[in-house]
Amino acid sequence: MTVRASTPDRGPTPRPGREPARQRALRAARQALRVLAVELGTPTEPGTPLLGSVRSPWLRRLPYVVAFGFAVSLLPTTINVLGHDYGLDGGLVGALATAQTVPLLLAVTRPLQAWWVIFAADVTGALALTGADGVAGRAWPWPPMEIVGYLALMLALSLRERRRTLTAVWLTTGVAGLFSQVFTPDGSNNTWVLMFVLTGVVLMMGATLRERGDAQRKLIEQETISEAERARRTLLEERARIARELHDVVAHHMSVITVQAASAPYRISGMPGEAEEEFGAIAATARESLAEMRRLLGVLRSEETEQQGGPEKTPQPGIGMLPKLVEGTVRAGVPVELALPEEPVALEPAVDLSAYRIVQEALANVVRHAPGAPTRVSVTVAADGARLTVLIVNSAPSAPSAPLETTGTGHGLIGMRERVRLVDGSLDTGPLPDGGFRVAARLPLAPPPAAASPLSTTKDAHSV
């Protein structure tokens, strides 16, 4: 006898992957709703007025004026249409009209919060209109005055919020209109598609205008930063150039110290051994200082100097070379008159070099910006003999001529200020009433305390 084991009927086998797919869909839906809630609940810059960063006070007041105009015009219109045309109760009409129009004033500073109020009022009004007697043959769920107010709100919203928030608002408006089809009254003219399309168009236009304005502001800020960096770089270049020129002056004094210290035992008889060792140490220190100065010059060396294969060998110029400079400027077509002190003036090397460079920069500016303008250069010493005054004045060109440079970079003036600051002097520049320009520099004949240390070391070495 054969006994067969009975197998219970398990029913149909579920398809693999159906439950995980449903779970993924639910998870995606929950995540989308969470993102939607975050975007609709997180306003951008709450409390900041629209166009608040505009310089013009009239443009800053414009959003308030527009919002007030919409609120004042739409409030009585909404009351009249809902009460007389649609036949709603008077108390409900007043509440709905107020909630749909007055928050437009809030849209100037908090458009997203105003949208919550107006959107809720519009949805409530659409539900209330389903039982109204006059809805047949009229617009529903959004009457015309609600569409106008909502579009004005969309414009304010698009000028403030980011694209993700605008997309969430647009989709929420469309979903509310789509769900309203369940309650559509008989004989009404459906306006949810029109509302959905117009809302998208206004949001897109407003967002485009806002992003364009943001891009222009960022461009202006970047140009401002670039101009500041360019000015800073120019200042550093001028300072490096001045430091390279002053290297020769300092190196000369250091060389004098080295020679005096090394030759002191041979020039002074009967010098104690301790003094000879001290002078030898001074000479060694001075030689090391010269080596360090050469390394410093290598750091400050410009690209042009590197291409030439080393530092310049020519001596630094002074006011004694101004006649030659003026002669070259005259050959360039600029009539220049030069007036120098009758007697030679003993100047510190830094002051002498600064005076020459100031005249050189001023004449170069005349050639570039006012070619052919009569120019006078005068170098005078104050009555008390404490200061040297360098004055360069040019009048307007006698014959009209186009300047070689229409806009100045200001590099010449920057160099003048740095050279004057170096010797503790003062500089006064500015245009003249007749169309000319004036540069007046006052330089001390004695060096300032900060610059006197290497020179005073040399004087002390001479007195040993």
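Just so we're clear, the structure is a prediction, and the values are computed from it rather than from any experiment.

## Examining the pattern of salt bridges
- One pass over the structure, following the stated rule, counts 9 salt bridges.
- A salt bridge links arginine 210 to aspartate 214; its shortest N-O distance comes to 3.8 Å. Remark: aspartate 214 and arginine 210 occur in helix 7 (residues 192-267); sequence separation between them is 4 residues, near one turn of the helix.
- Among the salt bridges present, the one from arginine 217 reaches aspartate 214, with a minimum N-O distance of 2.0 Å. On the criterion of helical spacing, the pair formed by arginine 217 and aspartate 214 is a turn pair, its members being 3 residues apart in helix 7.
- Overlapping salt bridges, with partners in common, bring together Glu39, Arg162 and Arg164 in one network.

## Overview of the side chain of serine 354
- Here serine 354 is to be found in helix 11 (residues 349-369).
- Those residues within four positions of serine 354 in sequence are excluded, and the remaining contacts are Arg419, Val423 and Leu443.

## Overview of the confidence of the model for the protein chain
- When pLDDT is averaged along the protein chain, the result is 81; 83% of the residues meet or exceed 70.
- Summarising per-element confidence for the protein chain, the mean pLDDT is lowest in helix 13 (residues 453-463) (38) and highest in helix 5 (residues 144-158) (95).
- Note on residues 404-410: pLDDT is under 50 here. Beyond four places in sequence and across chains, it has 6 contacts.

## Comments concerning a negative patch on the surface
- A surface patch of negative charge is lined by Glu274, Glu276, Glu277 and Glu278.
- Following the sequence through the fold, glutamate 274 ends up in helix 8 (residues 273-300).
- Its relative accessible area of 60% is what places glutamate 274 among the exposed residues.

## Structural notes on the nonpolar core
- Counting 40 residues, the largest nonpolar core has Leu82, Trp115, Tyr150, Leu153, Met154 and Val169 as its most contacted members.
- If you list the elements that add at least two residues to this core, you get helix 2 (57-85), helix 3 (90-101), helix 4 (111-129), strand 1 (139-140), helix 5, helix 6 (163-179) and helix 7.
- With sequence-adjacent residues up to four places away left out, leucine 153 is seen in contact with Leu104, Ala107, Pro111, Ala114, Trp115 and Ile118.
- Residues Ala350, Ala362, Leu388 and Ile392 belong to the second largest nonpolar core, which totals 28 residues.

## Quick look at the side chain of asparagine 394
- Among the structural elements, asparagine 394 can be located in strand 5 (residues 387-394).
- Here asparagine 394 falls in the buried class, since its relative accessible area comes to 7%.
- Not counting residues up to four positions away in its chain, the partners in contact with asparagine 394 are Val366, Ala370, Ala373, Pro374, Thr375, Leu432, Gly436 and Phe437.

## Focus on the sheet that holds strand 5
- Taken in spatial order, the 5 strands of this open sheet run 3-4-5-7-6, and their pairing is mixed. This sheet does not close on itself; its edge strands, each paired only once, are strand 3 (336-339) and strand 6 (426-431). Mean inter-strand twist for the sheet, computed between neighbouring axes without regard to direction, equals 10°.
- Pairing analysis gives 6 bridges linking strand 6 to strand 7 (residues 437-444), with the strands arranged antiparallel. Note that in strand 7 the partner of aspartate 428 across the bridge is alanine 440.
- Across the face of the sheet, helix 10 (residues 322-331) comes into contact with strand 3 and strand 4 (375-381) while running at roughly 170° to strand 3.
- Contacts from helix 11 reach strand 3, strand 4, strand 5 and strand 7 within the one sheet, and its direction differs from that of strand 7 by about 175°.

## Points about the packing of aromatic side chains
- Under the definition given, this model contains 4 aromatic pairs.
- Ring centres of tryptophan 170 and phenylalanine 196 lie 4.4 Å apart, and the angle between their planes is 10°; on these two criteria the pair is classed as stacked. With tryptophan 170 in helix 6 and phenylalanine 196 in helix 7, this pair connects stretches of sequence that are 26 residues apart.
- Geometrically, the ring pair formed by tryptophan 192 and phenylalanine 196 is tilted, given 6.4 Å between the ring centres and 40° between the ring planes. With a gap of 4 residues between them, tryptophan 192 and phenylalanine 196 both fall in helix 7, about one helical turn apart.
- A connected cluster of aromatic rings, assembled from ring pairs, spans Trp115, Trp116 and Phe119.
- Across the ring face of tryptophan 58, the terminal group of arginine 61 is positioned such that the distance to the ring centre comes to 5.6 Å.

## What to know about the packing of helix 10 against helix 11
- For the pair helix 10 and helix 11, the least separation of the axes is 11 Å and the interaxial angle reads 5°. Taken together, the axes of helix 10 and helix 11 lie roughly parallel to each other. In contact with Leu322, Leu325, Val326 and Thr329 of helix 10, helix 11 contributes Tyr356, Val359, Gln360, Leu363 and Val367.
- By residue class, the composition of the contact of helix 10 with helix 11 is 7 nonpolar, 2 polar and no charged.

## A look at a positive patch on the surface
- A grouping of Arg24, Arg27, Arg30 and Arg34 is seen on the molecular surface, where their side chains present a positively charged patch.
- Here arginine 30 shows up in helix 1 (residues 18-41).

## What about helix 5?
- Here helix 5 spans 21 Å end to end across 15 residues, near enough to the 21 Å set by a 1.5 Å rise per residue.
- Buried residues dominate helix 5, accounting for 12 of its 15 residues.
- All of the buried residues in helix 5 are Met145, Glu146, Ile147, Gly149, Tyr150, Leu151, Ala152, Leu153, Met154, Ala156, Leu157 and Ser158.

Quick notes on the rules
- Residues numbered from 1 in each chain as written.
- Predicted model: local features only at pLDDT ≥ 70, side-chain atom pairs only at ≥ 80, totals over all residues.
- Heavy atoms only, no water.
- Salt bridge = Lys/Arg side-chain N within 4 Å of Asp/Glu carboxyl O.
- Helix = DSSP H or I, 4+ residues; strand = E, 2+ residues; numbered from the N terminus.
- Contact = heavy atoms within 4.5 Å.
- pLDDT = per-residue confidence, 0-100.
- Patch = residues over 30% accessible without salt bridge, like charges linked within 9 Å, V, L, I, M, F, W, Y side chains within 5 Å.
- Areas by Shrake-Rupley, 256 points an atom, 1.4 Å probe, with all protein chains shown as cover.
- Lys, Arg positive; Asp, Glu negative; His and termini not counted.
- Charge placed at Lys NZ, Arg CZ, Asp CG, Glu CD.
- Buried < 20%, exposed > 50% of the residue type's maximum accessible area, 1.4 Å probe, protein only.
- Core = buried A, V, L, I, M, F, W, Y, C linked by side-chain atoms within 4.5 Å.
- Pairing = 2+ DSSP bridges.
- Axes fitted to C-alpha atoms, helices over the stretch in contact; angles between N-to-C directions.
- Phe/Tyr/Trp six-rings, centres within 6.5 Å; stacked < 30°, edge-to-face > 60°.
- Lys NZ or Arg CZ within 6 Å of the ring centre and 35° of its normal.
- Parallel < 35°, antiparallel > 145°, perpendicular 65-115°, else oblique.
- Nonpolar A, V, L, I, M, F, W, Y, C, P; charged D, E, K, R; others polar.
- Expected span 1.5 Å × (residues − 1).

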